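In case you want the letters, here they are:
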Amino acid sequence: MKWIKRALMAVAVVLVLFVALLIFLLATFDPNAYKDRISAAVQEQTGRELTISGDIGLSVFPRLALTLGETTLANGEGFPDAHFARIREVDVAVAMLPLLRRELQVERVRLEGLDLNLARDAQGRGNWDDLLGDGDARDLPAEAPTEDPAAGPAMLRDLDIAGVEIRDARIRWRDAQAGTDLVVDPFNLTLGRLRPGHETPLELAFQTRLGEPALTAATDLSALLYLDMADQRYGLRRLTAVLDARGETLPAPIRARLEGDLWADLRNDMAKLERLTLTAFDTQLTGLMEVESLTGEPRVHGELRSGRIHPRNLMQALGMEVPETANPDVFKNAALDLAFAMQGDRLDLSRLVVTLDESSLMGNVAVRDLAAPAITLSLQVDRINLDHYLPPAGDGPAPGAGQAPAPRDGWPEETIELPLELLRSLNLSGDLNIGRLVVANLDLSDVVLELRARDGQVDLRPFRAALYGGRVEGALGLDARRDTPRFQARSDLQGVRMGNLLEDLTGEAPMVTGTANLRLDLNSRGESVKALIAGLNGNGDLRFADGAVKGINVAQIIRDAEARLRGRTVEPSDAPVQTDFTELTGSFRINNGVVDNQDLQAASPLLRVRGRGTVDLNRERLDYRLDTGLVATLEGQGGRPLDDLRNVNLPITIRGTFSEPRFGLDLASVLSGRLDQERERLERQVQERVEEKVQPLIDQQRDRVQQEADRIRDQLGDRLLDRLR
């Protein structure tokens, strides 16, 4: 900020030159005769040409008055503007009698047509530097002044000016380093009687124009000015400032009104803005601000509160597109209440209260390093329905409204646009608690979120909530460090009424009901839904109690197959298309979008089911087999008991697409196999019975044959012995 100080000092030097000129003229009788000598003196002291084109008027009694016509001071060497400063007319009058008492009473100060050009070149050199010489202060006295320097010179403390008027002033600031071209034109100021320690009315009006980007702003200000150099206390009380700004960089024309009391206490190194009221776009903010340590590292703190804000109207006024929402009554009521503190590169919102429609948010936020923000937050929300703020659904009937969803040709391949650069730069650590949350039509309560984001790695862990009679705990992760984002999801549901959850989530009758315990551990990568499905991997397990699987009635499939086997007509049934179970368990693995399950088990008082197969999410196809067994008597059509199917494995196949699954049961082959088993069993029984009856006769004949053989052997032996003798 040294250049600002130097620029102000240059302006002060110019004013000193004009004051010196006035003092010089007061000591002469014919000031116009000294124009050349005055110009030569300025040329010698500053190296710049001073041109006095107008007349110099001087009167002594009853007041000492000086008028100066058009006067021009040349610009510094190397700067494009022809002049540094030009004044069309200056009129100063000082009361004569108070001067005899060594008192300065200025009756009027009027300045018209000031044209001031301030500039800084590409090397950082200002067009005022040569006016300051080698240093900011020159020819300082060797001894310190006896008066308090903080209190200011005695002449300033006793200053009494009846009024100051500046008309049609123009100030231009050009900075070649920053590429800034700023013009204040016109600049008008009216100041009442100015005395230290007293208030005086101030009126200020000026218009500002910025070159690139184009911006114009008109400002009107009124206040009671207070100056007390002795106590170093300065103020603008009952300040009212009106700003009307338009430009390319603004989303819409801005008309704002600021009211308050502005005070600066330099002795205590502080400033404050009290009773602040800011009104813009039909929105009003009230509060206060205080700045401490003005000469060191300033610390700004304060409070701001808003009245009722209509977000939709505010967005329209700012030229923003108002989002179309599912609930048209949202974004109509909001309010803000915060306490803040800022010092250096740190901002703290120690109290943050935001009301939006029917939701209230409370908490605190801390931001370190405003250039590359590191954000820490802790927020609590009483309730919010996020579905109300999402785009409205299509004009067609909602799912489950009696019309089948439109056919879909595979998963969408459109790229999911993620703000990867923003995610990579995000440095965030925070926790969020929500009393009640509705999202995707799911109703959750006691939601706890802990969010961590750094270097493109975004993690939501843990995530905890109560839902549908149970609880869920899990974690979500997004890795945006690579061109292709990666996702992770882990969840553990305990005691959740799955039917209610699925019905609210899909808007359709649920495929499965019951109290569920479900564990999932998934990961994927991709930039579209199709790629995410193809890259899906992971595992999980499930356990359902006291529920049903919708869309398949195993008992009815068995009845229909038995009827067809016997050549009977399959009679329509009004039984629910579902299979009830007391318990259903299983586990699965997912490999590149293909779900593989080999250990499904389900039990009910009527059935025992084991299942295995695959579900190809990529092609949306099923290839599954259920091995079903009847453990109780099942009635067929006409009330006939199907006892011959008890304890028989009944394989049911499920194949086809998600939208058109096909169920099959080959009961003929099952019964054929059962008949073969029965035939083999009967043959074994017959064989056993035949053997039981025939075996004794065989044994008896065998004994007789053995006895006859023994007898013949004995006879042959006796004959052989007789011959040998």
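Quick notes on the rules
Residues numbered from 1 in each chain as written. Predicted model: local features only at pLDDT ≥ 70, side-chain atom pairs only at ≥ 80, totals over all residues. Heavy atoms only, no water. Core = buried A, V, L, I, M, F, W, Y, C linked by side-chain atoms within 4.5 Å. Buried < 20%, exposed > 50% of the residue type's maximum accessible area, 1.4 Å probe, protein only. Contact = heavy atoms within 4.5 Å. Helix = DSSP H or I, 4+ residues; strand = E, 2+ residues; numbered from the N terminus. Phe/Tyr/Trp six-rings, centres within 6.5 Å; stacked < 30°, edge-to-face > 60°. Lys NZ or Arg CZ within 6 Å of the ring centre and 35° of its normal. Arc of directions from axis to C-beta. pLDDT = per-residue confidence, 0-100. Pairing = 2+ DSSP bridges. Salt bridge = Lys/Arg side-chain N within 4 Å of Asp/Glu carboxyl O.

Before going further, it helps to examine the nonpolar core. Generally speaking, a soluble globular protein has its nonpolar side chains buried in company with each other. Formed by 41 residues in total, the largest nonpolar core has its most connected members in Phe84, Phe187, Leu189, Leu191, Leu202 and Leu221. What Phe187 contacts, discounting residues up to four positions off in sequence, is Ile166, Arg167, Asp168, Ala169, Leu204, Ala205 and Phe206. Val381, Leu449, Leu584 and Leu626 belong to the second largest nonpolar core, which has 32 residues in total.

Moving on: unusual backbone geometry. Cis rather than trans, the peptide bond between Asp185 and Pro186 has omega equal to 0 degrees. For Pro186, the location among the structural elements is in strand β11 (residues 180-191). The omega angle of the peptide bond from Arg461 to Pro462 is -10 degrees, so this bond is cis rather than trans. Along the chain, Pro462 falls in strand β25 (residues 457-467). Unlike most non-glycine residues, Tyr468 shows phi in positive territory, near 50 degrees.

Further remarks concern the packing of aromatic side chains. For the coordinates displayed, the defined rule picks out four aromatic pairs. Geometrically, the ring pair formed by Tyr226 and Trp263 is edge-to-face, given 5.8 Å between the ring centres and 65 degrees between the ring planes. Of this pair, Tyr226 sits in strand β13 (residues 215-228) while Trp263 sits in strand β15 (residues 254-265), and the two are 37 residues apart along the sequence. The residues Tyr226 and Trp263 share a single accessibility class, namely buried. The ring of Phe84 carries the charged tip of Arg48 above its face, separated from the ring centre by 5.0 Å. The side chain of Arg233 reaches across the aromatic face of Trp263, ending 4.4 Å from its centre.

All of the buried residues in helix α8 (residues 498-506) are Met498, Gly499 and Leu501. The buried residues of α8 occupy an angular sector of 160 degrees when projected down its axis, which confines them to one face. The secondary structure elements touched by the buried residues of α8 are β24 (442-454), β25, β27 (486-497), β28 (512-525) and β29 (537-550). Looking at the residues trailing α8, positive phi occurs at Gly507, about 75 degrees.

Right, let's get into the confidence of the model for the protein. Low pLDDT means the predicted coordinates in that region are not meant to be read closely. Mean pLDDT over the protein works out to 80, with 74% of the residues at or above the 70 mark. The least confident element of the protein is helix α5 (residues 154-157), whose mean pLDDT is 52; the most confident is strand β21 (residues 359-368), at 95. Long-range and interchain partners of residues 395-405, a stretch whose pLDDT sits below 50, account for six contacts in this model, where long-range means more than four residues apart. Note on residues 634-641: pLDDT under 50 across the span, and 23 contacts to partners over four residues away in sequence or across chains.

Looking now at the pairing of strand β14 (residues 233-247). Regular strands place their side chains on alternate faces of the sheet. Across 13 bridges, β13 lies against β14 in antiparallel orientation. For Leu227, the partnering residue across the bridge sits in β14 and is Tyr234. Direction of pairing for β14 relative to β15: antiparallel, over a ladder of eleven bridges. Residue pairing for β15: Arg233 is matched across the bridge by Asp265.

Turning to the pattern of salt bridges, a few remarks are in order. Using the criterion set out here, one finds 38 salt bridges in the structure. Measuring nitrogen to oxygen at the nearest pair gives 3.2 Å for the salt bridge that ties Lys272 to Glu274. For Lys272, a relative accessible area of 26% gives the class partly exposed. When its relative accessible area of 29% is taken as the criterion, Glu274 is described as partly exposed. Of the charged contacts, one joins Arg436 and Asp443 as a salt bridge, the two residues approaching to 2.8 Å between their closest N and O atoms. We classify Arg436 as partly exposed; its relative accessible area is 42%. Each of the salt bridges in this network shares a partner with another, and the network as a whole consists of Glu89, Asp91, Arg110 and Glu112.

The next subject is the environment of Leu356. As for its position among the elements, Leu356 is in strand β20 (residues 346-356). Through-space distance from the C-alpha of Leu356 to that of Lys332 is 8.1 Å; in sequence the pair is 24 residues apart. Not counting residues up to four positions away in its chain, the partners in contact with Leu356 are Pro311, Phe331, Asn333, Ala334 and Tyr389.

Locating Thr72 in the fold gives a position in strand β4 (residues 71-74). In this structure Thr72 comes out as buried when scored by relative accessible area, which is 16%. Beyond its immediate chain neighbours, meaning those up to four positions away, Thr72 contacts Glu49, Leu50, Thr51, His83, Ala85 and Arg86.

As judged from the eight bridges shared by β21 and strand β22 (residues 374-385), these two strands associate in the antiparallel manner. Along β22, the bridge assignment pairs Ala366 with Thr376. The turn joining β21 and β22, which pair antiparallel and follow one another in sequence, is formed by five residues; a positive phi near 60 degrees is taken by Asp369. One ladder, built from ten bridges, connects β22 with strand β23 (residues 428-439); its direction is parallel. Within β23, the position partnered with Gln380 by the bridge is Asn433.

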